[in-house]
Every structure is written in C-alpha cells, then in structure tokens.
Amino acid sequence: MIQIAVLGYGTVGSGVVEVIEANKADINKKAGEELNVKYILDLRDFPGDPYEDKVVHDYNMILNDPEVSIICETMGGNEPAYTFSKNALLAGKSVCTSNKELVANHGPELIRLARENHCNYLFEASVGGGIPIIRPLNYSLTAEKLDAITGILNGTTNYILTKMDENGADFADVLKEAQEKGYAEKNPEADVEGYDACRKIAILSSLMKGKNVNYEEIYTEGITKITAEDFTYAKKINRSVKLLAMSKDAEDGFFAMVAPFMISRDHPLHSVSDVFNAVYVHGNMLGDSMYYGRGAGKLPTASAVVSDVVDCARHPGKTIMCFWDDEKVALTDIADLKRRFFVRMSAAQKEQAVSAFDTYEEVDAGISSEFAFITGVMSEKEFDEKVAAVGGAINRIRLED
C-alpha cells in the first residue's frame, strides 16, 4: 500500500481526496498498487467531514513518517508550500502540486532536488487544470523542436470576455457576475491583470526551452481596458477578443507575452469560450496541435494532481525526467515584434492618424465620435511612436492571425 499525504484541505485538496476515493478501483489498477490517503494537513478542523480523522496540524508528522512516500501540495502560494515541498523532496518523498506560483518561482530547484533524491516533483495541474499539457510537452512531443506556444490559460478572463462578446456587456458588469458565480475572486487582480496567465506561460515556455523563463520578465497586459465598443468593432471584422499567453522561438530571439488579442473566427482558439482553456503548440515536424478542456475547478484540477500521484506510484525510487534547468532564458524585448494593430481614436484625430499611418484599413462600426482602423504590419516600437505622435489612442488591441 502506498501512503499519501495531502497538504491543504481547500478546494483542490478536498478534490484530491474525493477523486482518490471515488475512483479508487480504477486508480489502484492503473497505479499497480493500492493508494491510501493517510494524512490531511490543515490549520482547521473539519468536524463531520468523512475524513476528519485524517486531519493533522503538524507537518512534521508527515515528514517524519517513513510510510508516506507521496505528498500532494495543494496549499497555494510560496510559503509554507516551498519549505514543505523542499523538505519532502530532501527526505525522498515525491511531491505532486497544483501550485503554479510555486512552480513558476522554484521549479528548476525543486526538480533538481527530486532528481538528486530519487523521487519526483510533478506539476501537471499547475498550468491547465484538468488539461493534460505538461506530459505532452515532456513525453509525447520529445521528437519535436517546439517553437511556439499560444494559450488561453485563465478561465476567469475567458469567461468575462466571452460574456462581453455574447451580450455586449461592459467589463465591470460581467466581472461582478463572474464573482457572484464563483468564477472570479473577491480580489480578481491576479486574473484580470494577466498575472495568473503569465506564470503559466512561464512554466510552459521553460519546458519548451528546457531552461528557466522568469515570469517577472514577461510583458503582461490584462483585460481591464477592454470595452463593449471593442467587441462591436471586432464583430465588424469577424473577430473576437481573447487574452492570449504566448511564447515564440524566432530567429531574432525568444519572445513571451500576455495580452488581449483580436483573433479571427477561423483561429483554433476562437471557439474556446466560457471558463474553458486551451493550449496551441507548434512543432517543426508535427506542425500544430491543441489541448483543450477545463482549465480550473475543483475536480478537473484534482484529477490532474492524482494523475501525477499515479505516475509516482508507477515509478518508485525513480525520477521521471523533466527538462527544466536553472540556466536563464534571455527574453527579447517585444518592441521588436511585428504585427498589425486595431486602433480606436477620436474622430478629431482622423487626419493626423491617416498621415501617421500611411497603410491602414478603416473599420466603421457606426460610432460617429470615433475613427477606428487596422494598421499595416509594424513593430511594437514603431506603432507606439506613431500613436504618441498623433496624441494617443482611446484603445489599441493587437491582431493575431
């Protein structure tokens, strides 16, 4: 019997216990041995809970128990999750986590510690919730030279943008609705400002490169400036607005960014709506492939954590290879990236805008007080300079074809 401990009995932690118990027969068969949750670590007590007898408050009980070989870290945040995970790995106990913040901050170190102590640090649930994406990058696509990853990696923002598109609603109104439905936190900053998606694309980019991409260096822009009018224009040009997290390995450098984009209705990510997520990967031999599903939620995320537990159970005393070392990837300034832009300006700026942007395509959505257009292909730097010369813009959204 393989004994497991769950750190944190919140949404995901309780989901892990539920998944293990509900699917016990199938999971044990696939693991090749019976799995048992021996401890649940939490500061709280849970009177009346079916697993209240497993709840402990002292982490050292878990760390010092030689029977426990796998730990599910579902606490979130950096501390004490980092210290607990590090000490578990030093003791030769495998750690399976859903903690994107911890993975983004300390992934290379914890992977190295696992390798040195003949155990595993696995984090399938840290990026796409229930979407299998870490394993495909580590195993299924090992014959590929991956050169681009683009994803819708945050369910909250995708829900908000979907409702704005479908209902013509304003950002603030849809955010309030998302909070009422439990799709957005009381403080939604990490989601709506793009920070959550930034950490996730940093993890995926690191696995793509095999080296460390620092999320703090990734250009990140959220959705708080997107308006109902932006969707009115988008529909006129058969597009929608999505918050995309992307990285690209190009001849002139490695780029990574998170920002709203107008994407065409022919784009594979256009159909990803509501709270669903998707990751679109390009390899030099395979070409394009896409991974789609529920990117968050109690049971989808818990299912991904338990899949890592099964992997650990199948490989006792062995390290499952993960190529992500400490060497830092130098990110190229996005100022050099070239693309088209959708721009909204006041009608009074039209003459100046036409003069500055010699190549453009006007977009008429019936808003008489505005002049809207799509630029030709230009660098981010060139675009910013032209907009500044005209006196600024009401809004601008990048185009992704």
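In this report, we go over the structure that sits alongside the text. Note that this is a predicted model, so its numbers are computed, not measured. (Residues numbered from 1 in each chain as written. Predicted model: local features only at pLDDT ≥ 70, side-chain atom pairs only at ≥ 80, totals over all residues. Heavy atoms only, no water.)

1. Brief notes about the environment of Ile-27
Okay, so step 1: Along the chain, Ile-27 turns up in helix 2 (residues 24-31).
Okay, so step 2: Through-space distance from the C-alpha of Ile-27 to that of Glu-216 is 38 Å; in sequence the pair is 189 residues apart.
Okay, so step 3: Here Ile-27 is in contact with Val-19, Ile-20, Leu-35, Val-306 and Val-310, once residues within four sequence places are set aside. (Helix = DSSP H or I, 4+ residues; strand = E, 2+ residues; numbered from the N terminus. Contact = heavy atoms within 4.5 Å.)

2. Focus on the nonpolar core
Okay, so step 1: If you look at the biggest cluster of nonpolar residues, it comprises 84 residues, and the most contacted ones within it are Ile-62, Tyr-121, Phe-123, Ile-160 and Leu-204.
Okay, so step 2: Broken down by element, the residue count for this core peaks at 8 residues, all from helix 11 (residues 195-209).
Okay, so step 3: Ignoring anything within four residues of it in the chain, the contact list for Ile-160 reads Phe-171, Val-174, Leu-175, Ala-178, Val-192 and Ile-223.
Okay, so step 4: Ile-4, Tyr-9, Leu-35 and Ala-125 belong to the second-largest nonpolar core, a separate cluster that totals 30 residues. (Core = buried A, V, L, I, M, F, W, Y, C linked by side-chain atoms within 4.5 Å. Buried < 20%, exposed > 50% of the residue type's maximum accessible area, 1.4 Å probe, protein only.)

3. A short note on helix 5 (residues 100-116)
Okay, so step 1: For helix 5, which comprises 17 residues, the first-to-last C-alpha distance of 22 Å matches the rise-based estimate of 24 Å (1.5 Å per residue) to within 8%.
Okay, so step 2: Along helix 5, the sharpest kink reaches roughly 80°, centred on His-106 and followed within four residues by the proline Pro-108.
Okay, so step 3: For helix 5, the full list of buried residues reads Leu-102, Val-103, Ala-104, Gly-107, Pro-108, Glu-109, Leu-110, Ile-111, Leu-113 and Ala-114.
Okay, so step 4: Where helix 5 is buried, its residues touch strand 4 (68-73), helix 4 (81-90), strand 5 (94-97), strand 6 (121-122), helix 6 (125-128) and helix 11.
Okay, so step 5: The N-cap residue of helix 5 is Asn-99: its side-chain oxygen and the backbone nitrogen of Glu-101 are 3.3 Å apart.
Okay, so step 6: Looking one or two residues past helix 5, His-118 carries a phi angle of roughly 55°, positive in sign. (Expected span 1.5 Å × (residues − 1). Bend = angle between axes of the 7 residues up to and from the residue. Polar contact = N/O pair within 3.5 Å; in protein donor to acceptor, adjacent residues only side chain to side chain.)

4. Points about the packing of aromatic side chains
Okay, so step 1: On inspection of all chains with the given rule, the structure shows 13 aromatic pairs.
Okay, so step 2: With centroids separated by 4.9 Å and ring planes inclined at 85°, the aromatic side chains of Tyr-9 and Phe-46 adopt a geometry described as edge-to-face. A residue pair is termed long-range when its members are at least 10 positions apart, and Tyr-9 in the loop between strand 1 (2-7) and helix 1 (11-22) and Phe-46 in the loop between strand 2 (35-41) and strand 3 (55-56) qualify at 37 residues. The same class applies to Tyr-9 and to Phe-46, which are both buried.
Okay, so step 3: Seen in terms of ring centroids, Phe-123 and Trp-324 are 5.9 Å apart; in terms of plane orientation they differ by 75°. Their pairing is edge-to-face. Remark: Trp-324 occurs in the loop between helix 13 (298-314) and strand 13 (338-339) and Phe-123 occurs in the loop between strand 6 and helix 6; sequence separation between them is 201 residues. Take Phe-123 and Trp-324: they sit in the same class, and that class is buried. (Phe/Tyr/Trp six-rings, centres within 6.5 Å; stacked < 30°, edge-to-face > 60°.)

In short, geometric facts, not functional conclusions.
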